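Listed below, chain by chain, are the residues.
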Amino acid sequence: MTEGAFEPKIVAFTCTWCGYPSANLAGVNKIQYPPNVRIVRVMCSGSVEPSVIMDAFESGADGVIVIGCLIDNCHYVSGNKNAQERVDALKELFDIMGMDSRRLRTEWINASERTRFAKSVTDFVEEVRALGPLPLKRESKGTKAKTKEQTVAAVKGIIEDTGAFDCVECGKCTTVCPIAKFDPEFAPRAIVLRAMEGIVENISTDKDIWTCTTCEQCNAMCPYKVDYSGFIRGMREEATAAGAAPLCSKGGIIHATQRIMANSDLKQDRLRWVKQDMKVADKGDVFYFVGCLPHYDAIFRDRKDLSMTSICESAVRLMNEAGVVPVVSNDEKCCGHDLNWTGNGEDFEKLMEHNVGLIKASGAKKVVFTCPECYRTMNMDYSDLMGDLGFETQHMSDYLKELMDSGQLKTDKAAGEPFKFTYHDSCRLGRHSGVYDSPRELAASMKGCELVEMVNTRDKAICCGVAGWANCNTNVKRMQVDRVMEAKRTGADRMLLFCPKCQIHLKCAIQDKVH
């Protein structure tokens, strides 16, 4: 090793049956391999979740290798096959993010192959050394824990900012709360009451703070206009500061992806969905903010019923049809919605500053979104923190309706077989942003289409159950099944959704063929 030269930090997850014994034999037989490797013994390579691998990189690793039994010789039948599928999906995500898939590797060996173990890790260290350090800012938080008095004062500020002092415990919020329907111990006003009484000792363990879906059914019903969802978001930030963390979907890999984007300047490859016949630009009046859709295709690679980037393609093709050439950027990052709603305000603001600067540099006068969460975040949260953004924000449904009304976009070509559809109002697009009509009018404009409404619609629509990937549980599954069954009862052939996440969650609920 040359003094002062970069030496990569490597984490090796080794299964207890083959990977670890081969490492042990290499040591016993004094077969040399680089000291950069930190070996982690696991029961099976299949137990190494993608979120654990991401955590290794966030914690300082420059490369990760998973070593297990030979394929078709796993002690748990298919553990290593599952591991390979997960790593392949993660490598795809890495390349989209710009982390370089070569930083992640698998090796399948016998327990006795000590020489092969040493060669595998040596080759991997050399490859990662050539790649250089992972350009991820790993800042030590070093945040001093708040005293009880400081937490009480912070919670009091949240109560004042959200109007929670006006709560009279009338119970109307509980009557419409979708969580309370399945969990009789849950009530939005009870969380507020505990906070008003200064009970903050259990803020880091209060599950109700994370159980709330922030769907804003309660906001819409409250006669005193208490901002319950804003209250929950503030309380989550205080809970996070106290050491709490939600139980996240997919083991937290989506949040990890967003944190890495917030703390790095990686060269991404997020525009691979753009086809040659599609017209896009680097600068222009209209900026299409894609959001995390390219990441979802990699993260949910095992879900054959999903194709998130087809949404991007459709959006661009519709704009092209209207003569609009939108700006799409390879340097765009996550809007930060999920981090903002799970208590990570610091990384959220980093993403916000990056995206606003990127959009301004493009010269865009208008930003359009196919994701309601991105739209809500930029339209409301960015504006709250930064004031006038210097550009207009508009959801794609409103924008396409505008293009239709002006005559730029015509629907004649969309005529096909007649069908009935029902429309699911997503929380962020409906109650949060007040967009109800455009999605319905767009679909109804296609010849032969007939809209049949569900019982619970518009501001009364039932939530898909998950917000910010932070609260998926048994009760949420019940909510999702209820919503799907409500749609089936309309007799519609299709359910129309204008929210990619609602599509992911509701399709997840019917994977087991709910009829």
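Scroll up a little and you will see the structure.
Criteria and thresholds
- Residues numbered from 1 in each chain as written.
- Predicted model: local features only at pLDDT ≥ 70, side-chain atom pairs only at ≥ 80, totals over all residues.
- Heavy atoms only, no water.
- Helix = DSSP H or I, 4+ residues; strand = E, 2+ residues; numbered from the N terminus.
- Buried < 20%, exposed > 50% of the residue type's maximum accessible area, 1.4 Å probe, protein only.
- Lys, Arg positive; Asp, Glu negative; His and termini not counted.
- Salt bridge = Lys/Arg side-chain N within 4 Å of Asp/Glu carboxyl O.
- Polar contact = N/O pair within 3.5 Å; in protein donor to acceptor, adjacent residues only side chain to side chain.
- Contact = heavy atoms within 4.5 Å.
- 1 Å grid on protein atoms, 1.4 Å probe; cavity = no way out; pocket = protein on both sides within 12 Å on 5 of 7 lines; lining within 4 Å.
- Points joined across faces, edges and corners; volume = space filled by probe spheres on them.
- Nonpolar A, V, L, I, M, F, W, Y, C, P; charged D, E, K, R; others polar.
- Phe/Tyr/Trp six-rings, centres within 6.5 Å; stacked < 30°, edge-to-face > 60°.
- Lys NZ or Arg CZ within 6 Å of the ring centre and 35° of its normal.
- Pairing = 2+ DSSP bridges.
- Right-handed = clockwise from strand over helix to strand, strands pointing away.
- Axes fitted to C-alpha atoms, helices over the stretch in contact; angles between N-to-C directions.

Draft legend 1. Local environment of the side chain of E216. Position of E216 among the secondary structure elements: in the loop between helix 9 (208–211) and helix 10 (217–221). Buried and without a salt bridge, E216 has R376 as its closest oppositely charged side chain, separated by 4.3 Å. Reaching out from E216, the side chain makes a polar contact with the side chain of S229 at a distance of 2.5 Å. Here E216 is in contact with D227, S229, R376, R431 and H432, once residues within four sequence places are set aside.

Draft legend 2. Region of interest: empty space enclosed by the protein. With the rule as written, the count across this model stands at 7 cavities of 30 Å³ or more. Surrounding the largest cavity, 17 residues form its lining, C177, F186, P188, C212 and C218 being those nearest its centre. Elements with a contribution of two residues or more to the lining of the largest cavity: helix 7 (178–182), helix 8 (188–196), helix 10 and helix 11 (228–241). A class-by-class count of the residues in the lining of the largest cavity yields 13 nonpolar, 3 polar and 1 charged.

Draft legend 3. Main features of the packing of aromatic side chains. Enumeration according to the criterion identifies 11 aromatic pairs in this entry. Between the aromatic rings of Y296 and W469, the centroid separation amounts to 5.5 Å while the plane-to-plane angle is 65 degrees, which identifies the pairing as edge-to-face. You can see Y296 sitting in helix 13 (residues 293–299) and its partner W469 sitting in the loop between strand 9 (449–451) and helix 20 (474–488), a full 173 residues away along the chain. Accessibility classification places Y296 together with W469 in one group, the buried group. One residue, R494, lies across the ring of F419, its end atom 3.7 Å from the ring centre.

Draft legend 4. Region of the structure containing the environment of V152. Its place among the elements puts V152 in helix 5 (residues 148–162). According to the relative accessible area criterion, V152 is partly exposed, its value standing at 29%. Each C-alpha atom, one on V152 and one on A111, is 56 Å from the other, the two residues being 41 residues apart in sequence. When sequence neighbours within four positions are dropped, the list of residues in contact with V152 reads G198 and V200.

Draft legend 5. Representation of the pairing of strand 6 (residues 366–369) within the structure. Residue alternation in strand 6 divides its side chains into two sets, K366 and V368 and V367 and F369, and both sets are buried. By the bridge criterion, 4 bridges tie strand 5 (residues 286–289) to strand 6 in an arrangement that is parallel. From the neighbouring strand, F287 faces strand 6, where its bridge partner is V367. The pairing of strand 6 with strand 7 (residues 392–395) spans 4 bridges and is parallel. Residue pairing in the sheet places F369 in a bridge with H395 of strand 7. Regarding the hand of the β-α-β motif, the stretch spanning strand 6, helix 17 (residues 372–386) and strand 7 is right-handed.

Draft legend 6. Examining the environment of D384 more closely. Of note, D384 is situated in helix 17. Sequence separation between D384 and G171 is 213 residues; the distance between their C-alpha atoms is 30 Å.

Draft legend 7. Spotlight on the sheet that holds strand 5. Spatially, the 3 strands line up as an open sheet ordered 5-6-7, and their pairing is parallel. Each edge of the open sheet is held by one strand with a lone partner, namely strand 5 and strand 7. Direction aside, the axes of adjacent strands within the sheet are offset by 25 degrees on average. Running at roughly 165 degrees to strand 5, helix 14 (residues 309–321) makes contact with strand 5 and strand 6 of the sheet. In the packing of helix 18 (residues 396–405) onto the sheet, contacts are made with strand 5, strand 6 and strand 7, and the angle to strand 7 comes to roughly 90 degrees.

Draft legend 8. Layout of the side chain of T309. Along the chain, T309 turns up in helix 14. The contact partners of T309, leaving out residues within four places of it in the chain, are W273, L293, P294 and D297.

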